[in-house]
Amino acid sequence: MVATSHDVMPDIELYQPTDEANALALAGTLGRDGWLLGGGQDTFGWLKDRNKTPAAMIELTQIDAWKGIKEIADGIEIGAVTTLTEIANNPLVQSRYGLLAQAAGHVASPQIRNVGTLGGNLVQDARCWYYRRGLDCYRAGGNICYADSPQGLNREHAIFGASRCVAVSPSDTAPALVALEATMVVQSESGQRLIPAQDFFVGPARDIVNMTVLNAGEILTAIRIPNTWANAEFYFEKVADRNVWDFALVSVAAVMKVSGGVIEDARIACGAVECVPRRLEAVENALRGQQRSEQLANQAAAIASEGARPLNYNHFKVPLMENLVKRAVRGQA
Amino acid sequence: MGEIVRYKRDVWGEDVILGVSWDLLWVVAVAVLILLAAHAIVMAALANKKMDIPSAEGRRVLRHESIDRLFHWVMAASIFALIITGIAPILGWGWAWLDMHWIAGLLLTFVVIFHIIRSLFWQDFKSMILGPRDFGEPFDSAKKPGKYSFEQKGMHWAVTIVVLAVVVTGILLFMQIDTPFWDRTNSMAESQLGLMFLLHGLATLALIALVATHIYFALRPEKMFYTRSMLTGWISEDEMSANHDPSRWSPKEAD
Amino acid sequence: MAYMHIGKDFVPQDVPGKVTGRIKYSEDYARDGMVYARLLTSPIPHARVVNIDASAALAMEGVFGILTADDVYPDGEPDGTGLKILTNEPTLVGEPILALAAVDEKTAETALEAIIVTFERLPFVMDPVDSLAPGGPDAYTGGNTFVFREGFKSEKWTADQVAAFRAGSEPTAEPQQQFAYGELEAAFASSAYIYEGSFATAGYPHHSMEPRSAFAYWENGKLYLHGTSQSLTALAADMAGIVGVPIEDLVFINEATGGGFGQRARAGSIPSMAIPAKLSQKINRPVMMRVTREEEFTIGGARQGFQGWIKCGFKADGVMAAADMWILSDNGGKGGGGDAFSAADCISILYQAEAMRFRGTSIGSNTAHRGAQRGPGQNQIAPIIAPILDKAAAELGLDRLAIRMLNMPKNGDVGGPQRQPLTSAYMPEALNMGATMFNYPERITRSRQRKGSKVTGIGVGEGYHNAGRSGMDGIVRLMPDGRLAVHNGVGNLGTYSYASTSRAAAEVLQMPWERVDVISGRTDRHLPITSPQDGSNSIFTNTRTNWGAAQDLLVKMKEIAAMDLGGTPADYSVGDERIFKTADTTSGMTFAEIGQRGLQLGGKFTGEAEVPEDLNDFTKLSVSRLAGSALMGIFHDPRHNNNPPGFTATFIEIELDTETGKFDIIELVTIGECGTVVHPQGLKNQLVGGAVWGIGLSALEQHLYDPQNGLPASTGYWQSKVPTILDTPSKIQTGWVDLPDPENPVGARGIGEPSMGAVSAALTAAISDALDGHVFNAAPITADMILNHLAGITTDAVPLAQNNYRG
């Protein structure tokens, strides 16, 4: 066998375009050979361990057009290359879309948020440790899953939607944007696609090697959040092993329009229970038009976990998910 | 052109087979297209020489019973479904293909087993056996076949081998994933797993080539009556005497 | 006792360098012609190297050579489970097989990718119990355990014995090790409450922040080795043997080290430092070997994990009558340790059980190299025993602090199988001080109180470790300018004990601290031997040596004064940097004058004659190199009596959220009992640092291996779940008893290890308390375990044991 290499960054071709057209042209030309680089917090681990070996990187952090937060006709638009810290601290986001501010503010650690981008957080790759170790599993183009075996260490893995691969979506901002009914703006040399947040992520049944529907040559350039849920009641909670740096064991992002104790409408999504942010439509339907109560919260919890299929070590995610949904229905204390 | 076999590293860093290289899909597609197109062109050039298509009118003889025709079309449909669902992820079509694939696979397995038993005990098995006489048949227009011609027998056995290969490997692969019946065990060595994927892939490529060929010939004007017989069950006496030796095959009259 | 230095804070001389970043660790050195080494490590948990084809790599531009196990061990690899420098039979994933030197690390890594190693795969095992099963795989070739002086053995239990152990019953197999004292049967018979249960504790890595990088070059036949170590002279003395160079020809340089925790104190724990030494020798170039985080995880050591069974009997009044323990230790792929014995020893000391029995067996697994880690054994058992004490208290209707005070060690008590007396023990003061600071009487009323989904838990914990050794050497010099040079062989692992122990010498001479130079950091400064800087011993051991050396110097100084000014040495006193007649203070000599005189006189005054016979050879070499340079004090410390303990008592209040399994630490009070406090800031660092790690042991840290393929999952800080700043309380309250111990000249004892065990004990007890006294019998207890417990998930939800075997 040939040595497996860890911990030394290889040589790599680095492109640093300063305008959109150049970036899109590069992405178009390089396709899957051109690794899109934001803050690098997902990238550098792969490169250093030499578990992914792209020929080139296209760094997007110098493209001002894809940074910043601005008001648009029906809401706000956030450049995908905006840092998470900027989003968490932005007055507009805090006042109208506090759910996203909270989610962004819970990602990883302050150091990572200072350079990590929203786009990067959304398109980040799975964190299954077998996959990250560089093993040739399904997600890496191989033909096996090491996590989903009788003794696999799958404590952090999925309880829904497994199809050979059992990795989960690790993003904290993704469930928030699904709940806010955001739209992803995707650009390529051939034009622009607008994709609803919920449809942006893809599970292994449909695509086992990618976490999003981005095609080769496409770049996520902006995220638009409509006014629909502006100033609604928000609930975000992330439960992780440690209080910083860790990915969620389970997270919940909820938006609700409540009037006189009655939940008029709601959107709820959970993170880290499936390979995509899991929108809980059945729960939303059960809440609509109902009086908020502990009993309603319990009902919602039971609906939320229906169909869960735990693996070896992630049974705890079922009660945890139920409890978080319960807390979301209860709202802020 | 690329490679034939793809490799990966097993869990301990050793190189093992991953599966067939899907570059070969294009090779097979192109090869089949070229070969079948060449056949069509050659046949068209020879058209004025020979093609006297016998009449479909008149008395009818039974070629395929309804149960066998059902078997054939169910098998065809399941193979079609298997090929489409199997190729979908390779071509990047983003739909959930896996469940449909193994369900079609189980269906195919079931009908294949059915057919094996039926053909061994309820049908004239000998009529499908290839013998030395069959190999001389294409070169001697005086030699007419029994129920099945050399080409038909050849296609049958080629498909048999390939379908058995794809089904057996498919079942072994099916046993490696989570299903409603069992949870995966990862007990098959990765080298063996890769070999199963390779054989399954090669068998798939062969099957695609055979299916394309089979459909082509099934749609040829001079063979079309066979296709009709797989739908309706009968061929005409004219068609029978033009293409078969009655001393080798004497079907009963069709209803 | 009013001291000039002892008990006062000061700025150790390495602090400015650390704050400004100018201090040098082994990675910070460079030399002309330096090349970089990278390691090729095993991808397989157990294998034999059949062939190494490095031809393509060696032909690459910028590659200078490789070093293999055959190079290092021409007569064959040593027999045993000790860490090898390099090996052709790896017994864990990540074990180094060869090293390659190249012009830079990128080239080295690329060259490594071109090396083809052919392995023969061998059976591997992740769980020692699987190895004990009949037909179970053995971690090593030749067996699953190594018996001292006998060799490898393959120890097997019967299938029934294995099943019974897994079911939680008392093991019936013959143990490898045991001790007992008292009347066990009678003690259990007299018990009003008996607790019996099995337990499992994690064996997780040391995670030293500085990886064990090393830099080596040879010059004029001498090896200059820039390394990383907890110890200085203690490690250098043995490192020479590992490299195969005479001690006179080794210069070991180590100004500062970023963590060690037990696996960087002795040369046998860090043979990897021989790699750049030997590679440098082979290719005749300076070699820098920078070790990565993942490599540090693998060869940097881990705690021995325990799977055990415990039975404790308590009398009606709460006295611990009997303790019976059977512990199966995980020896890992390399190394091992006596943790289980120490765990039992700790119970006997902290709880003074009237009768005790310990039985233990160590079995290997193809997982991390194991060795002593901060409180080895004592700290594994700490979180196990604490909830048991609370359960006993509850059953007997006693307060949980009261049951501890009933059993705690006091002055005059003995401990361990040898019933060795403690030199002193002020646990009553420690517990009382802690209870007062914590306001225990008020907080305990909040135990199990609910506030929404949150519930309060209160925990009390105790920690112990033996905290002092003796028999080492000291060297001090009075320079002609009147400054005191304290030659200290203590390593600088970040505890500042190299400096704080030197204060004892300054104290003897009443020397202002700014007039003292601590000579340390590299062995060519000619230093005395010390005991390795592990086991919380340094403050005790080396205040004895430095005090003794300074006393020897003082005697000589008084002799010189008497010689020149008349009278006898007994007529003289020391103060204000002078030796003066006690009766007539105007008659005296300054330190500078005496220093110059001593240099003039030579002979015994300057280490050229009458050097103590019983000095260690290493010290003799240093003395011989210093001889004639200045007036010297030279001392060989005789043995002390009895067992100097280090104790800690901790009180914790937590709020546990039953809906998320997470908890907040509301208050943490931790009290150190370590004799006289020499360096308050240093002690506080130990108490706080130990607290952080205790939190990790009890609630967070993981050590995971996939059982089907033996791959390590937690090879970095992130997956290992080391506590972060937001997982620890923003304020950790500390205090100390500060009463002197009779076996030390200033009354000092050590504290580094019990400061961790006590917190782990308290936190685990608090978590248990919050869950109505539910005993998990495991460490750590993580959110998922808590959630499973609260949701009643038991059957197929095997909690992911935070260690490499199924819990």
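About the criteria used
- Residues numbered from 1 in each chain as written.
- Chains lettered and ligands numbered in written order.
- Predicted model: local features only at pLDDT ≥ 70, side-chain atom pairs only at ≥ 80, totals over all residues.
- Heavy atoms only, no water.
- Axes fitted to C-alpha atoms, helices over the stretch in contact; angles between N-to-C directions.
- Helix = DSSP H or I, 4+ residues; strand = E, 2+ residues; numbered from the N terminus.
- Parallel < 35°, antiparallel > 145°, perpendicular 65-115°, else oblique.
- Left-handed = near helix turned anticlockwise from the far one by under 90°.
- Contact = heavy atoms within 4.5 Å.
- Nonpolar A, V, L, I, M, F, W, Y, C, P; charged D, E, K, R; others polar.
- Core = buried A, V, L, I, M, F, W, Y, C linked by side-chain atoms within 4.5 Å.
- Buried < 20%, exposed > 50% of the residue type's maximum accessible area, 1.4 Å probe, protein only.
- Domains from an automatic or database assignment.
- Pairing = 2+ DSSP bridges.
- Buried area = accessible area lost by both parts, 1.4 Å probe.
- Salt bridge = Lys/Arg side-chain N within 4 Å of Asp/Glu carboxyl O.
- Polar contact = N/O pair within 3.5 Å; in protein donor to acceptor, adjacent residues only side chain to side chain.

Student: Looking at this structure, I do not really get the packing of helix H11 (residues 339-351) of chain C against helix H12 (residues 378-396) of chain C. What am I missing?
Tutor: Two numbers describe a pair of packed helices, the interaxial angle and the distance between the axes. All names here are of chain C. Direction vectors running N to C along H11 and H12 enclose 45°, while the axes themselves pass 9 Å from each other. One finds that H11 runs oblique with respect to H12. Here the hand of the crossing between H11 and H12 comes out right-handed. On the side of H11, the interface is formed by Asp339, Ser342, Ala343, Cys346, Ile347 and Tyr351, while H12 contributes Gln378, Gln380, Ile381, Ile385 and Leu389. For the contact of H11 with H12, the per-class residue count stands at 7 nonpolar, 3 polar and 1 charged.

Student: What am I meant to see in the nonpolar core here?
Tutor: Note on soluble globular proteins: their nonpolar side chains tend to be buried together. Tyr130 of chain A together with Leu100 and Ile115 of chain C are the most contacted members of the largest nonpolar core, which totals 65 residues. Looking at this core element by element, the count peaks at 4 residues for strand S4 (residues 96-102) of chain C. Lining this core are residues from two domains, each supplying at least three of them: domain 1 (25-123 + 206-300) and domain 2 (372-468 + 643-790) of chain C. Within the second largest apolar cluster, 55 residues are counted, among which are Cys312, Met325, Ala430 and Val460 of chain C.

Student: I tried to follow the sheet that holds strand S22 (residues 484-487) of chain C on my own but got confused; where do I start?
Tutor: Hydrogen bonds between backbone atoms are what pair the strands of a sheet, whose relative direction is either parallel or antiparallel. Residues and elements named next belong to chain C. In spatial order, the strands read S23-S22-S21-S27; together these 4 strands make up an open sheet with mixed pairing. Edge strands, defined here as strands with exactly one partner in the open sheet, are strand S23 (516-519) and strand S27 (631-636). Pairs of neighbouring strands in the sheet enclose a mean axial angle of 20°, with direction left out of account. Of the strand pairs in this sheet, strand S21 (residues 473-478) and S27 are connected by 6 bridges, and their pairing is antiparallel. Along S27, the bridge assignment pairs arginine 477 with methionine 632.

Student: Even after reading the chapter, I still don't get the interface of chain C and chain A, so can you show me in this structure?
Tutor: Note: interface size is frequently given as the accessible area lost on complex formation between the parts. In this complex, chain C contributes 56 residues to the contact, which on the side of chain A involves 46 residues. Where chain C abuts chain A, roughly 4,300 Å² becomes buried across the two surfaces, and 56% of that area is made up of carbon and sulfur atoms. Remark: the boundary between chain C and chain A carries 8 salt bridges. We note a salt bridge from lysine 721 of chain C to aspartate 246 of chain A, for which the minimum N-O separation is 3.1 Å. For the pair chain C and chain A, the interface holds 21 residue pairs in polar contact (both at pLDDT 80 or more).

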